[in-house]
Amino acid sequence: MKKIAPRPAVPLVLLLVATFFGFWTSLVPLVGADGSRLPGDLIDSRFIGYVLEHGSLWLAGKAEGFWNAPFYYPMTRTLALSDNMAGALPLYAALRLLCPTPEQALVWFFIVCFGLNWGAALALLRGCGASLGTAVVAAYPLAYGLTVAAQARHPQYLLLYPVLLAFWLLVRFLRAPSPGRAAALALGATLLALTSYYYAVFFLLMAGATVVLHCALDRTARRACLRALRLPLWAWATLAACLLVLAGNYLPYFMESLETGPWPADQTRELSPSLAGLVAPPPGSFVWGWLEGLVRVGPERHLFAGVFPLAGLACGIWLLWRRPDRKGALAGTLAVAAGAVCLLFLDVWGPESALRRLPGLAALRVTTRVTVVALPCFAVCLALCLDRGLRALGPSRRAWALAALLVLAAADQRVAPEAYPSHAWAPARARVEALAARVPAGAAVFYVDPGVPMDDSDYWAVHVDAMLAAQRLGKATYNGYTSWLPPMLGLFYARATCGSLDAWRNVAAALYRPGTEPAGLYAASAFLGRVQCPVDPAALDIPQGRHRAPLPAGERKADVRALAAFDPDSRRLRVDAVIRNLGDAPLHGLGDFSHRGAVFLMAGVYDAGGRRSDVPLGRLEHSLGPGATLVQHAEAQLPPGLAPWRVEAFLVQSPDGAFTGPVERAAPVRMSLSGSRQ
């Protein structure tokens, strides 16, 4: 009887070593050896915790609506301002049942997600034909090291397992197209879209490019894909269900982007991938730290993931060029398509791409995430090429080569523990509990003034404190935080006067809940912090009409909503205005190099006798394209003898420009007199 040789233990040993070392060097610095820490700072990390806890409360029937989380009250669709994390809710909700506090559930959530990332990375590479040893080496940069350190400040982007699962299902479908595999791919893409809005858009672009390129280069694959489209009824039902779920998840983002418009070009440019960022490692890199002094980029632009992913891209180009077999050709197609999609988002093309102007995709503020989605494609090619290169070696030499490659991969990805952003959750929870204890029991809505300017690191942390305190108390808050800040929310943060908060409440009521009685917003409100704003509904009124009459220069329409405040001691008039371009032509502002055609914000000041004086408040801070919104804060020194009784905010254009004739005006706004009564 022939003796069966035992399976080599080397790949299993490498797997255990890589798992232990990766968890110890990447996960422990984020959550602590005793689970006392959370990834990120006091802002983004706890905001994601708020979103997950809100979803868990909604699943338990303790929250009214999933999309309308009660922050930025009375704004609706607040979860459309960021990733809603719906795909991760079942996992978090299950852990929440086992943990006494949301913070402990969040710690275990990230621990489980790290395990899922590592397991999904290995499953993807093994499913693409790589051996276990090379899969461990190539998967290491996906789950640990530089990628984790670069994304840990925004913990929602540490959830890579839906991306890896979606790519595995894509490869399975392209290798042997069938209705069952098409339905499975649709389910995987749906899970990804529900987990990460950003990652889903980038995956769909890469998957589409891969399918097109693969079918163009392989006639047999093209015929197989066409045959797979002859779906049975159950497969059509599955696809229809996925489309309905995706449409329901996409609609709030679509509606929100219609109201906010695309991001300003200067902000988009700073948050797009750059050529310099491709060689900029995150701080604390063990091997590549010397590059930090050579390349200086913004905090969102540290895109260098080590030499191993770059080697994977090179392997992908070689595989597509040589096409050694169908397995290698498909992997090369995947890597080249992913790399091409990354190139589309580079800032060398400028920020005004058509993609970013599609309704619903205006939320793609930080497009640097596209490089993270491409890394699995490069890892597949690296693993396959390593297998080809190590094929000629004997078992012993192959084992030593794999061990050496794993050591090199670990060194390539090594980041100093102190460079991983994290915070202790117990003190953060204590400050939330202290804040919650100050909220009056009868207050249904409250606002906490941070007491510091916006550039202070504690400003947004206080807003998140208020959100978490409101969540624990089952109340709503005017405070809020989001990485995708709607332009009209600028009124809320102009805290130089008490009127700014009042303006936010009225503007939000008019924009998001038309017909809301302003007095109803003040019935059960509480204000905590240094600034104690007066609760006087009669003094807070904003224009409610939209003025759409065409102007002589063409269809230039504007909506101006504002709040005015006057200090009789200094005689300074302040106007906080929200200006929205409702026409089909741009309104020119400070971005132009001359006054020709520039639009100015004006204040029509009436005295008690009804006499009017027009006071210029300055040019628009930047040009407004069709549908764009601008928040502008302006001040003017009123002359002696002018005692304002009523103020109108309106726009004019310089006489030598194209915007002449009657000015576009908003309805009068009531004015609050600082230091005196109305």
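Here the structure is shown first, and the text comes after it.
What counts as what
- Residues numbered from 1 in each chain as written.
- Predicted model: local features only at pLDDT ≥ 70, side-chain atom pairs only at ≥ 80, totals over all residues.
- Heavy atoms only, no water.
- Helix = DSSP H or I, 4+ residues; strand = E, 2+ residues; numbered from the N terminus.
- Buried < 20%, exposed > 50% of the residue type's maximum accessible area, 1.4 Å probe, protein only.
- Contact = heavy atoms within 4.5 Å.
- Areas by Shrake-Rupley, 256 points an atom, 1.4 Å probe, with all protein chains shown as cover.
- Pairing = 2+ DSSP bridges.
- Expected span 1.5 Å × (residues − 1).
- Arc of directions from axis to C-beta.
- Patch = residues over 30% accessible without salt bridge, like charges linked within 9 Å, V, L, I, M, F, W, Y side chains within 5 Å.
- Salt bridge = Lys/Arg side-chain N within 4 Å of Asp/Glu carboxyl O.
- Lys, Arg positive; Asp, Glu negative; His and termini not counted.
- Charge placed at Lys NZ, Arg CZ, Asp CG, Glu CD.
- Core = buried A, V, L, I, M, F, W, Y, C linked by side-chain atoms within 4.5 Å.
- Axes fitted to C-alpha atoms, helices over the stretch in contact; angles between N-to-C directions.
- Parallel < 35°, antiparallel > 145°, perpendicular 65-115°, else oblique.
- Left-handed = near helix turned anticlockwise from the far one by under 90°.

Draft legend 1. Inspection of the overall build of the protein chain at higher detail. The helix and strand tally for the protein chain stands at 20 helices and 13 strands. Put simply, the protein chain has 678 residues, and 56% of those count as buried. For the protein chain, long-range pairs separated by at least 24 residues make up 74% of all intrachain contacts whose partners lie at least 6 apart in sequence. Within the structure as shown, the protein chain displays about 28,400 Å² of accessible surface, and the carbon and sulfur contribution to it stands at 64%.

Draft legend 2. Spotlight on the pairing of strand E9 (residues 612–619). Relative to E9, strand E8 (residues 599–606) runs antiparallel, the two sharing six bridges. In the sheet register, Met602 faces E9, and the bridge partner there is Pro616. Adjacent in sequence and paired antiparallel, E8 and E9 are bridged by five residues, among which Gly610 carries a positive phi angle near 85°.

Draft legend 3. Main features of helix H17 (residues 425–438). Spanning 14 residues, H17 covers 21 Å between terminal C-alpha atoms, matching the ideal 20 Å at 1.5 Å per step. Taken together, the buried positions of H17 are occupied by Trp425, Ala428, Arg429, Val432, Leu435 and Ala436. Seen from one end, H17 has its buried residues packed into an arc of 120°, which puts them on one side. Across H17 from its buried face, at more than 90 degrees, point the exposed residues Pro427 and Ala437.

Draft legend 4. Summary view of the pairing of E8. Here E8 lies mainly inside the structure; eight of its eight residues are buried. Because side chains alternate across E8, one face comprises the buried residues Val599, Leu601, Ala603 and Val605, and the other comprises Phe600, Met602, Gly604 and Tyr606, equally buried.

Draft legend 5. Broad picture of unusual backbone geometry. Although it is not a glycine, Arg323 adopts a positive phi angle of roughly 45°. Mapped onto the secondary structure, Arg323 falls in the loop between helix H13 (307–322) and helix H14 (326–344). The residue Arg571 is not glycine, and still its phi comes out positive at about 60°. Turning to its location among the elements, Arg571 is positioned in the loop between strand E6 (558–567) and strand E7 (572–581).

Draft legend 6. Highlighting a nonpolar patch on the surface. Where nonpolar side chains cluster on the molecular surface, the patch consists of Phe20, Phe21 and Trp24 and spans about 360 Å² of accessible area. Summarising the element assignment, Phe20 is placed in helix H1 (residues 10–31). In this structure Phe20 comes out as exposed when scored by relative accessible area, which is 56%.

Draft legend 7. Just a positive patch on the surface, in detail. A grouping of Arg219, Arg222, Arg223, Arg227 and Arg230 is seen on the molecular surface, where their side chains present a positively charged patch. Locating Arg230 in the fold gives a position in the loop between helix H10 (219–228) and helix H11 (233–260).

Draft legend 8. Main features of the nonpolar core. Grouped together as the largest cluster of nonpolar side chains are 146 residues, with contacts concentrated most on Leu52, Phe109, Phe167, Phe203 and Met206. In contact with Phe203, other than residues within four places in its own chain, are Ala166, Phe167, Leu170, Leu185, Ala189, Leu192 and Val373. Counting 27 residues, the second largest nonpolar core, distinct from the first, contains Phe566, Leu587, Ala628 and Leu651.

Draft legend 9. Examining the side chain of Thr333 more closely. Relative to the helices and strands, Thr333 resides in helix H14. With a relative accessible area of 0%, Thr333 lands in the buried category.

Draft legend 10. Broad picture of the environment of Val201. Residue position: Val201 is located in helix H9 (residues 197–217). Judged by relative accessible area, Val201 falls into the buried class, the value being 14%. In this structure, the C-alpha to C-alpha distance between Val201 and Val370, residues 169 residues apart in sequence, is 9.0 Å.

Draft legend 11. Geometry of helix H7 (residues 161–175). Here H7 is 15 residues long and its end C-alpha atoms lie 21 Å apart, about the 21 Å a rise of 1.5 Å per residue gives. For H7, the complete set of buried residues consists of Tyr161, Pro162, Val163, Leu164, Ala166, Phe167, Leu169, Leu170, Val171, Phe173 and Leu174.

Draft legend 12. Local environment of the environment of Leu59. Inspection of the secondary structure puts Leu59 in helix H2 (residues 44–59). Considered as a pair, Leu59 and Leu89 are 30 residues apart in the sequence and their alpha carbons are 8.5 Å apart. Excluding residues that lie within four positions of it along the chain, Leu59 makes contacts with Leu89 and Ala93.

Draft legend 13. Spotlight on the packing of H2 against helix H18 (residues 459–473). Direction vectors running N to C along H2 and H18 enclose 20°, while the axes themselves pass 10 Å from each other. Between H2 and H18, the angle is such that the two are roughly parallel. Considering how the two elements wind past one another, H2 and H18 form a crossing that is left-handed. On the side of H2, the interface is formed by Arg46, Phe47, Tyr50, Glu53, His54 and Leu57, while H18 contributes Ala461, Val464, Asp465, Met467, Leu468 and Gln471.

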